[in-house]
Amino acid sequence: MSVDFIYPEFEVVRNDSRCIACRVCERQCANEVHSFDPKQGSILSDERKCVNCQRCVSLCPTRALKIVKSNCTLRENANWKDDTIKEVYKQAASGGVLLSSMGNPKEFPVYWDKILINASQVTNPSIDPLREPMETRVFLGKKPDRITRDQNGNIRCKLPPQLELSMPVMFSAMSYGSISYNAHASLARAATELGICYNTGEGGLHEDFYAYGPNTIVQVASGRFGVHKDYLDAGAAIEIKMGQGAKPGIGGHLPGAKIIGDVSRTRMVPEGSDAISPAPHHDIYSIEDLRQLVYSLKEATQYQKPIIVKVAAVHNIAAIASGVARSGADIIAIDGFRGGTGAAPTRIRDNVGIPIELALAAVDQRLRDEGIRNNVSLVAGGSIRCASDVVKAIALGADACYIATAALLALGCHLCRTCQSGKCNWGIATQRPELVKRLNPDMGAQRLVNLLTAWKHEIKELLGGMGINSIEALKGNRLMLRGIGLNEKELEILGISHAGE
Amino acid sequence: MKLEGQVRIPSGCAIAAAISRDGKRMTGEMIANAMKPMHDRSNGLGGGFAGYGIYPEYKDFYALHMFFDCRTTRKDCEVFLKEHFEIVKSEIMPTRKIPAITDEPVIWRYFVAPLQSVLHAQQLDEEEFVARTVMKINTEHPGAYVFSSGKNMGTFKAVGFPEDVGVFYRLDEYEGYSWTAHGRYPTNTPGWWGGAHPFSLLDWSIVHNGEISSYDANRRFIEMFGYQCTLQTDTEVITYIMDYLLRRQGLTLEEAASVVAAPFWSTIEDKPPAERETLMYLRTVFPGLLITGPFSVVFGFRGGLMALNDRLKLRSMVVGEKDDMVYIASEEAAIRTMAPDAENIWAPAGGEPVIIRVKDGVVV
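Rules used in this analysis
- Residues numbered from 1 in each chain as written.
- Chains lettered and ligands numbered in written order.
- Predicted model: local features only at pLDDT ≥ 70, side-chain atom pairs only at ≥ 80, totals over all residues.
- Heavy atoms only, no water.
- Helix = DSSP H or I, 4+ residues; strand = E, 2+ residues; numbered from the N terminus.
- Rg over C-alpha atoms; globule rule 2.2 N^0.38 Å.
- Buried < 20%, exposed > 50% of the residue type's maximum accessible area, 1.4 Å probe, protein only.
- Contact = heavy atoms within 4.5 Å.
- Lys, Arg positive; Asp, Glu negative; His and termini not counted.
- Charge placed at Lys NZ, Arg CZ, Asp CG, Glu CD.
- Salt bridge = Lys/Arg side-chain N within 4 Å of Asp/Glu carboxyl O.
- Phe/Tyr/Trp six-rings, centres within 6.5 Å; stacked < 30°, edge-to-face > 60°.
- Lys NZ or Arg CZ within 6 Å of the ring centre and 35° of its normal.

Quick word on the overall build of chain B
Inference 1: Helices and strands together make up the secondary structure of chain B, namely 11 helices and 18 strands.
Inference 2: By the compact-globule yardstick of 21 Å for 364 residues, chain B fits well, its C-alpha radius of gyration being 19 Å.
Inference 3: Once the C-alpha set of chain B is aligned to its principal axes, its extents read approximately 60 × 50 × 50 Å.
Inference 4: In chain B, which comprises 364 residues, the share counted as buried stands at 62%.
Inference 5: In chain B, 76% of the contacts between residues at least 6 apart in sequence involve partners at least 24 apart.
Inference 6: Across chain B, the centroid of the 37 positively charged side chains sits 2 Å from that of the 47 negatively charged ones.

Here's what the structure looks like:
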């Protein structure tokens, strides 16, 4: 119906004087935007299908292509924005829930960008990381309350299980199924080379990747896909996924079309059937139930592995985290509302949850107020974009950060936010073999190693500037932060002073 | 302008200390004189001393040295003290009027013992009770401030140059086996006496030169255990850290030093297995108590001193000896003032604790 017509969001601009009709764009576009017209000997575009993933632009040998935002817009309206109106058209036509991918793109405050970092001047020296040792190693896990000694007076050095990381960054959960085999291979190899961890997500662990177990966090989510004894034993830590920042309060749905071959075997779900993760864990309706799952997993793995409980940042996150800290969990991972996803209902992604900066600050302070901060380590995610975000998160009180979108960008993702289509031209969020093979795991792993090596250098530079030579002296060191353009309440929650104070 | 405690004020400093391993007692005049050649390391905005063994006649009582902003505050606070302690002696702190030291608060000294009935009611041991009560006074009684609370030891501090502070407090009239001294160079001018150093709690005292970059990480960690950092100074938080590690966790001085000035991971990895395991353990358990940034501290305790530099040795500190005496100072000149023929002068490495105790069998 003509009322449903929505002018394409993007225009494919082809410079005909440069185009040599080599048809690379046609072969590269899984969305079938480009086609060859034999009569004219030229390439045609169907921009209705374009998602602006930039694959054709990147591969065009003559730089003949660019994708631009369409300027055919509806009449401007500050209340009824273009997107809002078009979403109404789509829903009026389909009667369905709108789906989106990756993190919340709306204009909410990004507090990382309103926080500034300190540096030493005069009264104490900055430290040059190229000349002096600069330490970034962290241990995640519960720390004992009391020192005990044996009969000879020696300290008993038995620690609860710890996760040792060479730097306070890990790759957060992305399931095999939501991303490709080659993406997982890249993450696993990079984590191993970097001395950090990656996370299986709720898709189980492919048999090829058990070798990377010491650098793997295995996830137990509400669907329990791929969970069995060997899987639990394989990882360095076990993560119970209670929630996800991109879609707090709801579960997941991997369509049957993606449950094929290895994905089906790894998830332990029959081929072609939908893998539906329920919104809650149906054995966890309250905090005391969580405790039972935590201890079931500890029993199953002889108390050898730290248990992470991952929760979405929601309004009363401080109280929730306090409860989790008393549930036997060793690590709490908090996922902010800008965290990414392979698919989520648009309304949920864009409107539910709170920013990680505020959640992290509130949780760290609450756990300290209750004197239980050392019972757990805190991991902050959703969304950590760069080394300075990591430094700010640690100074607010995190022990480490989770990154995922940044890792995917390193693998080639161009953030077109259409993962849910399964037609990722960069070979990441897809199971189509011809697309998956576009991501070379050797190069992918190297790019991830490069990214985090660069971040590590930057973290060291920032630490050295503050006169700090070990990351643990930054943890919770909020005096190193100042707010800019924040109101009193925001500063109070973040526990920092305003710039100039 | 905000007072110290409402705002964090970085400062540079001079420190000095002397101890007799034989437990021989000396007047405080020597240590006050030792600060003179380091005059330029202070700016007249704070000086102080701690002496150990100075109150032998009251050695079983906690000596509370207190500042009050006025007489009324003192009267009110004394009511509180009497509810918690038996006061065996209370007196005005003896001082000399000198032009270099002005605007002094009301300075008072009490020798007290905790009331047994209150101790039992609160189910606390004596030291924990005294520590908590001191912190209660310092946070809940505006205008009253306990700046010394140990047994047979005392802290003396003021706004002024340290050598003048020594004269003001008549240190030549006290005799102790161990002394520490501090001259302060704050980068702001709050002019509050409580902000001067040493900082002390129970028998612990700290003089410190430096500005630690880990301050807020340390503060927020230690405040989980009932300590309240009301001054926002490095010295205060280091004292609480040492109290926590030594008294509450039962660590040895060496172990505590390996927490606050932890060896680098690469150094730990090269140690023999047993030592490696202990160092790994302590660093993993107390990451929030690692102190970074420049510092040289002399930590005073009953029967000894510990000198410690940050692990990069970003502040000067030298140690020298003569007979049974050991001297520590920011500069060798200070040691030469105390002992012109001092021997074995050396600069301890970063993170290497120098612990001096009076000899076994000497009662202090």
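Right, picking up where we left off after that structure.
Digging into the environment of threonine 148 of chain A
Residues and elements named next belong to chain A.
Inference 1: Residue position: threonine 148 is located in the loop between strand E7 (138–140) and strand E8 (163–165).
Inference 2: Residue class for threonine 148 comes out partly exposed when judged on its relative accessible area of 36%.
Inference 3: Considering only alpha carbons, one finds threonine 148 and lysine 158, 10 residues apart in sequence, at a separation of 9.5 Å.
Inference 4: For threonine 148, the residues in contact, after removing those within four places along its chain, are Asn154, Ile155 and Arg156.

Digging into the pattern of salt bridges
Inference 1: Enumeration according to the criterion identifies 59 salt bridges over all chains in this entry.
Inference 2: Across the pair glutamate 370 of chain A and arginine 326 of chain A runs a salt bridge, and its minimum N-O distance is 2.4 Å. Linking glutamate 370 of chain A in the loop between helix H10 (356–369) and strand E18 (377–381) with arginine 326 of chain A in the loop between helix H8 (317–325) and strand E16 (331–335), this pair joins segments that are 44 residues apart in sequence.
Inference 3: Residue classification places glutamate 370 of chain A among the partly exposed positions, given a relative accessible area of 29%.
Inference 4: Here arginine 96 of chain B makes a salt bridge to glutamate 173 of chain B, at a shortest N to O gap of 3.8 Å. With arginine 96 of chain B in the loop between strand E5 (85–92) and strand E6 (106–114) and glutamate 173 of chain B in the loop between helix H5 (162–168) and strand E9 (175–176), this pair connects stretches of sequence that are 77 residues apart.
Inference 5: Within the structure, one salt-bridge network assembled from shared partners comprises Asp364, Arg368, Arg373, Asp399, Lys475 and Arg478 of chain A together with Arg220 of chain B.

Considering the packing of aromatic side chains
Inference 1: If you walk through the whole model with that rule in mind, you get 24 aromatic pairs over all chains.
Inference 2: Ring centres 6.5 Å apart and planes at 85° place the aromatic pair phenylalanine 5 of chain A and tyrosine 7 of chain A in the edge-to-face group.
Inference 3: Overall, tyrosine 7 of chain A belongs to the partly exposed group, its relative accessible area being 31%.
Inference 4: One residue, arginine 74 of chain B, lies across the ring of tryptophan 108 of chain B, its end atom 3.7 Å from the ring centre.

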